[in-house]
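Examining the three-dimensional arrangement
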Amino acid sequence: MSAISLPATLPGLTARPLTLDDVAAVFAVVTEQERHDTGTVEVEEADLLADWGRPSYDLGASSVAVLDGERIVAYAEHLGEERYDAAVAPSYRGRGIGTWLAGWIQHLARSRGVAIVGMPVPEGSAGDRLLAALGYDVRWTSWVLRLPEGARVTPRPLPEGYTLREATPADRQQVWTVTEDAFLEWSVRERASLADFGAQVWGRPGSEPWHLQLVTGPDGTVVAAAHAWNAGTDTFVSKLAVAREHRRRGLAQALLVAAFAAGRERGATSSSLSTDSRTGALSLYENVGMRVEATWVHRAVRLD
């Protein structure tokens, strides 16, 4: 494993690429940072493994870990195109590690022909202030919404001819198409391959049949899908998509009801999801009783 040179301003620390064996250590840094900055932890170790498990992703070529002895105290990874993630253990802040990580990511992204690169940070956090000082502008705002414990989304009957059920392996290509078509209406990126999409959905560690539910239309084709799982006692919906020509018929609400109910049957007491200002979906979730619990901003810098 090749070492990565750190500046003289970071004495006593070393750097190297990440490996799959580092997942627990990276997860520990991320959770320590999230708990410090927001009071809660939204990420799971399975999220990291799902990202790292994409066939197109080269973890070693796209990441860096900063170590104090054997302990990983910070990391950054270029997840592809305009997106990266990074975290610094709170007790190691103020040494310039975050600034160096930002520069390292910029250099890597620039070498890959990327014109703009950024990441989400909790609004008002140390990461938000650092990126603002480094010239990163806010591109959009994201919200974590939660359905309070004991609350329910009002069921909405499906229109005639529509059916809601769990997905099967035979549905996967249609689920991918519907979901990617919907997300690419507002997300500026290349279409994820079926293999990469699958690594984060049915290939996500711990995946169960109830995690992926869908709605079929009158002709039997998939027209909407939701991907969710239980994170502790919370059901988190990671993806919710409805084909454009089948919107405003209550399909999204029906899928939310189904996902949240399935999670409760398996021990969840609350339900959550994330959306951002590019989608225009905030009011939809507020109208079914969900409330904003945390606000994040996506800050990015142009690599001129």
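These remarks concern the structure in this document.

Conventions and cut-offs
Throughout this description, residue numbers start from 1 for each chain and increase along the sequence as written. Local features in this predicted model are restricted to residues whose pLDDT is 70 or higher, and side-chain atom pairs enter the listing and the counts only when it is 80 or higher, whereas totals over whole chains, interfaces and linings include all residues. The basis for every side-chain value is the complete set of heavy atoms in the structure, and neither hydrogens nor water enter the calculation. Runs of H or I in DSSP of at least four residues are treated as helices and runs of E of at least two as strands, each being numbered from the N terminus. Using C-alpha atoms as the atom set, the radius of gyration is obtained and then compared with a globule rule of 2.2 Å times the number of residues to the power 0.38. Using a 1.4 Å probe on the protein chains alone, a residue whose accessible area is under 20% of its type maximum counts as buried, one over 50% counts as exposed, and one in between counts as partly exposed. The contact criterion used throughout is that any non-hydrogen atoms of two residues lie within 4.5 Å. In this description, accessible areas are obtained by the Shrake-Rupley approach with a 1.4 Å probe, and a residue is regarded as covered only by the protein chains that are shown. The sign given to each residue is positive for Lys and Arg and negative for Asp and Glu; His and the chain ends receive no count. Salt bridges are defined as contacts in which a side-chain nitrogen from Lys or Arg sits within 4 Å of a carboxyl oxygen from Asp or Glu. Only buried residues count toward a nonpolar core, which is a set of Ala, Val, Leu, Ile, Met, Phe, Trp, Tyr and Cys residues joined through side-chain atoms within 4.5 Å. Side-chain rings of Phe, Tyr and Trp, where Trp is taken by its six-membered ring, are said to pair if the distance between their centres is within 6.5 Å; with planes under 30 degrees apart they count as stacked, over 60 as edge-to-face, and otherwise as tilted. To sit over a ring, a charge needs its Lys NZ or Arg CZ within 6 Å of the ring centre and within 35 degrees of the ring normal. Lines fitted to C-alpha atoms define the axes here, with helix axes fitted over just the stretch in contact, and angles between the N-to-C directions of these axes take values from 0 to 180 degrees. Note that the term roughly parallel is reserved for angles under 35 degrees, roughly antiparallel for angles over 145, roughly perpendicular for angles of 65 to 115, and oblique for everything else. Rotating anticlockwise by less than a right angle from the far helix to the near helix defines a left-handed crossing, while the corresponding clockwise rotation defines a right-handed one. Classification used: nonpolar for Ala, Val, Leu, Ile, Met, Phe, Trp, Tyr, Cys and Pro, charged for Asp, Glu, Lys and Arg, polar for all others including Gly.

**Observations regarding the overall build of the protein chain**
- Assigned secondary structure in the protein chain consists of nine helices and twelve strands.
- In terms of overall dimensions, the protein chain is globule-like: its C-alpha atoms have a radius of gyration of 20 Å, near the 19 Å expected for 304 residues.
- Along the first, second and third principal axes, the C-alpha set of the protein chain runs to 70 × 35 × 35 Å.
- The buried share of the protein chain, taken over its 304 residues, is 50%.
- Restricting to contacts in the protein chain with at least 6 residues of sequence separation, those with at least 24 account for 70%.
- Here the protein chain displays about 14,100 Å² of accessible surface, and carbon together with sulfur accounts for 50% of that area.

**Digging into the side chain of Glu-34**
- When you line up the elements, Glu-34 lands in helix 1 (residues 23-38).
- Lacking a salt bridge, the buried Glu-34 has Arg-35 as its closest oppositely charged neighbour, with an N-O distance of 8.2 Å.
- Setting aside chain neighbours within four positions, we find Glu-34 in contact with Gly-39, Thr-40, Val-41, Glu-42, Val-43 and Trp-296.

**Thoughts on the pattern of salt bridges**
- By the definition in use, this model includes 18 salt bridges.
- Note that Arg-204 and Asp-47 form a salt bridge whose closest N and O atoms lie 2.8 Å from each other. Within this pair, whereas Arg-204 is found in the loop between helix 7 (194-200) and strand 8 (212-216), its partner Asp-47 is found in helix 2 (residues 45-52), the two being separated by 157 residues in sequence. Side by side, Arg-204 and Asp-47 carry an identical accessibility label, which is buried.
- Taking the shortest distance from any N to any O, the salt bridge between Arg-139 and Glu-82 comes out at 2.7 Å. Placement of the pair is Arg-139 in strand 6 (residues 137-147) and Glu-82 in the loop between strand 3 (71-80) and strand 4 (83-88), with a sequence separation of 57 residues.
- By relative accessible area, which is 23% here, Glu-82 ends up partly exposed.
- Overlapping salt bridges bring together Glu-42, Arg-146, Asp-234 and Glu-293 as one network.

**Comments concerning the nonpolar core**
- Residues Val-64, Val-66, Tyr-84, Ile-97, Trp-100 and Leu-101 are the most contacted members of the largest nonpolar core, which totals 32 residues.
- The set of elements that each furnish at least two residues to this core consists of strand 2 (63-68), strand 3, strand 4, helix 4 (97-111), strand 5 (116-122) and strand 12 (291-302).
- No other element matches helix 4, which puts eight residues into this core.
- Among residues more than four places away in sequence, those in contact with Leu-101 are Val-64, Val-66, Ala-74, Tyr-75, Ala-76, Ala-87 and Val-88.
- Core analysis: the next-biggest nonpolar cluster, separate from the first, contains 26 residues, Trp-143, Leu-145, Leu-251 and Phe-260 among them.

**Looking at the packing of aromatic side chains**
- Applying the stated criterion across every chain, the model contains three aromatic pairs.
- Ring geometry for Phe-183 and Trp-186: centres 5.4 Å apart, planes at 40 degrees, overall tilted.
- Taking relative accessible area as the criterion, Phe-183 reaches 16% and is therefore assigned buried.
- Between the NZ or CZ atom of Arg-54 and the centre of the ring of Tyr-57, over which it lies, the distance is 4.6 Å.
- One Lys or Arg, Arg-204, reaches over the ring of Trp-229 and ends 3.5 Å from the middle of that ring.

**Quick word on unusual backbone geometry**
- We note that Glu-81 has phi near 55 degrees; this positive angle belongs to a residue other than glycine.
- Within the secondary structure layout, Glu-81 lies in the loop between strand 3 and strand 4.
- Of the residues examined, Glu-81 reaches a relative accessible area of 33% and is grouped as partly exposed.
- Phi is positive for Arg-248, which is not a glycine, with a value near 65 degrees.
- Considering the arrangement of structural elements, one finds Arg-248 in the loop between strand 10 (234-242) and helix 8 (251-265).

**Looking at the environment of Ala-228**
- On the secondary structure map, Ala-228 appears in strand 9 (residues 222-231).
- Residues within four places of Ala-228 in sequence aside, it is in contact with Trp-210, His-211, Thr-235, Phe-236, Val-237, Ser-238 and Ala-259.

**Describing the environment of Ala-126**
- With respect to the element layout, Ala-126 can be found in helix 5 (residues 126-133).
- For the pair Ala-126 and Gly-94, spaced 32 residues apart in sequence, the C-alpha separation works out to 9.8 Å.

**A short note on the packing of helix 1 against helix 2**
- At their nearest, the axes of helix 1 and helix 2 sit 9 Å apart, and the two run at 125 degrees to each other. By the criterion of interaxial angle, the relationship of helix 1 to helix 2 is oblique. Crossing geometry of helix 1 relative to helix 2 is assigned as right-handed. Note on element contacts: helix 2 touches helix 1 through Glu-45, Leu-48, Leu-49 and Trp-52, opposite Val-23, Ala-24, Val-26 and Phe-27.
- Here the contact of helix 1 with helix 2 is composed, by residue class, of seven nonpolar, no polar and one charged.

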